[in-house]
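Chain by chain, the residues:
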Amino acid sequence: MKITRITSHVLRYAMPERLGYSQQFYDQRTAHLVEVETDEGVTGWGECFGPGTIALANKGIVERVIQPMALGMDPLDRDVIWHKVYNLMRDHGQKGMPMQSLSGVDIALWDIAGKVAGMPLHRLIGGAHRSRVPVYGYGMMLRPESPDSLVARFEDEAAAIKAMGFCATKMKVGLGPREDIRLCEAVRRGVGDDFRFMVDANHCYTTSDAFRVGRALEDLDAYWFEEPIAPEDLDGYRELRAGLRVNISGGEAEFNRWGWRSLLESRGLDIAQPEVCALGGISEYLRVLALCHAHFTPVVNHVWGSAIAVATNLHLLAAMPPLPGGLHPWEPMLEFDTTDNKFRDNLLTEPLDILAQVRVCDGTVTIPQGPGLGVAPDRDFIKHYTWDA
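Residues numbered from 1 in each chain as written. Predicted model: local features only at pLDDT ≥ 70, side-chain atom pairs only at ≥ 80, totals over all residues. Heavy atoms only, no water.

*Asks:* Is there a simple way to think about the pattern of salt bridges in this case?
*Replies:* Close approach of charged atoms allows side chains with opposite charge to pair. Across all of its chains, the model carries 25 salt bridges by this definition. A salt bridge links R189 to E155, with the shortest nitrogen-to-oxygen separation between them at 3.2 Å. With R189 in helix α6 (residues 177-191) and E155 in helix α5 (residues 147-163), the pair connects residues that are 34 residues apart, well separated along the chain. Among the residues examined, E155 registers a relative accessible area of 27% and is labelled partly exposed. Across the salt bridge formed by K170 and E226, the nearest N and O atoms sit 2.8 Å from each other. Highlighted residues: K170 in strand β5 (residues 168-172) and E226 in strand β7 (residues 224-226), separated in sequence by 56 residues. Residue K170 shares its accessibility class with E226, and that shared class is buried. (Salt bridge = Lys/Arg side-chain N within 4 Å of Asp/Glu carboxyl O. Helix = DSSP H or I, 4+ residues; strand = E, 2+ residues; numbered from the N terminus. Buried < 20%, exposed > 50% of the residue type's maximum accessible area, 1.4 Å probe, protein only.)

*Asks:* Is there a simple way to explain α6 in this structure?
*Replies:* In an α-helix there are 3.6 residues to a turn, and that puts residues three or four apart on one side. The end-to-end C-alpha separation of α6 is 21 Å, in line with the 21 Å expected for 15 residues at 1.5 Å each. Every buried residue belonging to α6 is among P177, D180, I181, L183, C184, A186, V187, R188, G190 and V191, and all of these are buried. Buried residues along α6 sit against α5, β5, β6 (196-200) and α7 (207-220). Trailing α6 by a residue or two, G192 shows a phi angle of about 85°, which is positive. (Expected span 1.5 Å × (residues − 1). Contact = heavy atoms within 4.5 Å.)

*Asks:* Looking at this structure, I do not really get the packing of helix α2 (residues 78-89) against helix α3 (residues 97-117). What am I missing?
*Replies:* Packed helices, taken two at a time, are described by the angle their axes make and the gap between the axes. Across the interface, α2 lies against α3 with an axial gap of 10 Å and an inter-helix angle of 170°. One finds that α2 runs roughly antiparallel with respect to α3. Residues R78, I81, W82, V85, Y86 and M89 of α2 touch α3, and the partners they reach there are P98, M99, L102, D106, L109, W110 and A113. Its residues assigned to classes, the contact of α2 with α3 shows eleven nonpolar, no polar and two charged. (Axes fitted to C-alpha atoms, helices over the stretch in contact; angles between N-to-C directions. Parallel < 35°, antiparallel > 145°, perpendicular 65-115°, else oblique. Nonpolar A, V, L, I, M, F, W, Y, C, P; charged D, E, K, R; others polar.)

*Asks:* How do you make sense of the environment of E63 when you look at a structure like this?
*Replies:* Here E63 is to be found in helix α1 (residues 53-70). By relative accessible area, which is 24% here, E63 ends up partly exposed. Taking the C-alpha atoms as reference points, E63 and S8, separated by 55 residues in sequence, lie 6.8 Å from one another. Once residues within four sequence positions are removed from consideration, E63 is found in contact with I6, T7, S8 and P68.

*Asks:* Quick question: what am I supposed to make of the nonpolar core here?
*Replies:* Generally speaking, a soluble globular protein has its nonpolar side chains buried in company with each other. By size, the foremost hydrophobic cluster in this structure holds 124 residues, and its most contacted members are M171 and F225. The element contributing the most residues to this core is helix α12 (residues 307-319), with nine residues. The residues touching M171, leaving out its near neighbours within four places in the chain, are G139, M140, F154, L183, C184, V187, F197, M198, V199 and D200. (Core = buried A, V, L, I, M, F, W, Y, C linked by side-chain atoms within 4.5 Å.)

Listed below in structure tokens is the structure:
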């Protein structure tokens, strides 16, 4: 079997409302799918992390840099392909967009491997430790409106997400410490005293401001404080973890095993959040997961993208060993963005239908059982939403 073509499909549509986080507002939803074709008719699908024009740049890397390196190779030699591509790109980027691009190709190769073996991805990895995965609902995005309006909106939205059946919820911050604390208080009011909520800062604070917000989160009994400061500031993460009683999480902006080795050795994380569509794909994710567990750091995958990313993460979460073991082990959760996302809800010929599952299955979802990723994109849908830039 040989690889005959690698194609990037960058999709885009105008969102019904303008949303934001601590770094920017956006009104376009994008997704970057990767299709790997073979001479035996077996096709694999993957996804690259990277929104907006980043996806267009990554398309160039996938098709003009990685494709020529991989054409004619056996797709089952995915580790050989991974290291060939990484070694040839190493001088030009061990992190960032080259790794995001390699991630989408690698995921597609694992999809092919599962189809050839007739096994779902989680069995190919080693089996499912759980048949269902808890799901937390991510919402409470920033909007271009007054802080008072956001406070009221966040309280109502948090209550609505809880009512949908999710096991926990996560919010955005980024207005500055004083107003952000008001937003966090609103979310706690919305979900009540006995429901998990998490706070995602997207690295908007200085360390001193992160301590100020973090101490408020202690009083509110928040479950984790995500990316409070810049991902490069490993010393700051260690100081926050040592000085706060709220869990410090992060890692979505870290890449490959070497970056993760430094992050974990710094002892700055209570919870690791690797992004499989960015750090190097499934091949590298499994190495990073082993590093996390070797450092006794539990993992909750970062998930942002289409149904391809969601399906990939469902398999990985199913196959994740419990840490630590026991009658009632610590369990990972699937991150689910509750805002409008056609590329997650309508992309597949048979939708995952996460929201319906969460509603009727006590906040959990099942794992796809078909070979490979166990999902198939609708080509007419892809054609309709392709971004011709």
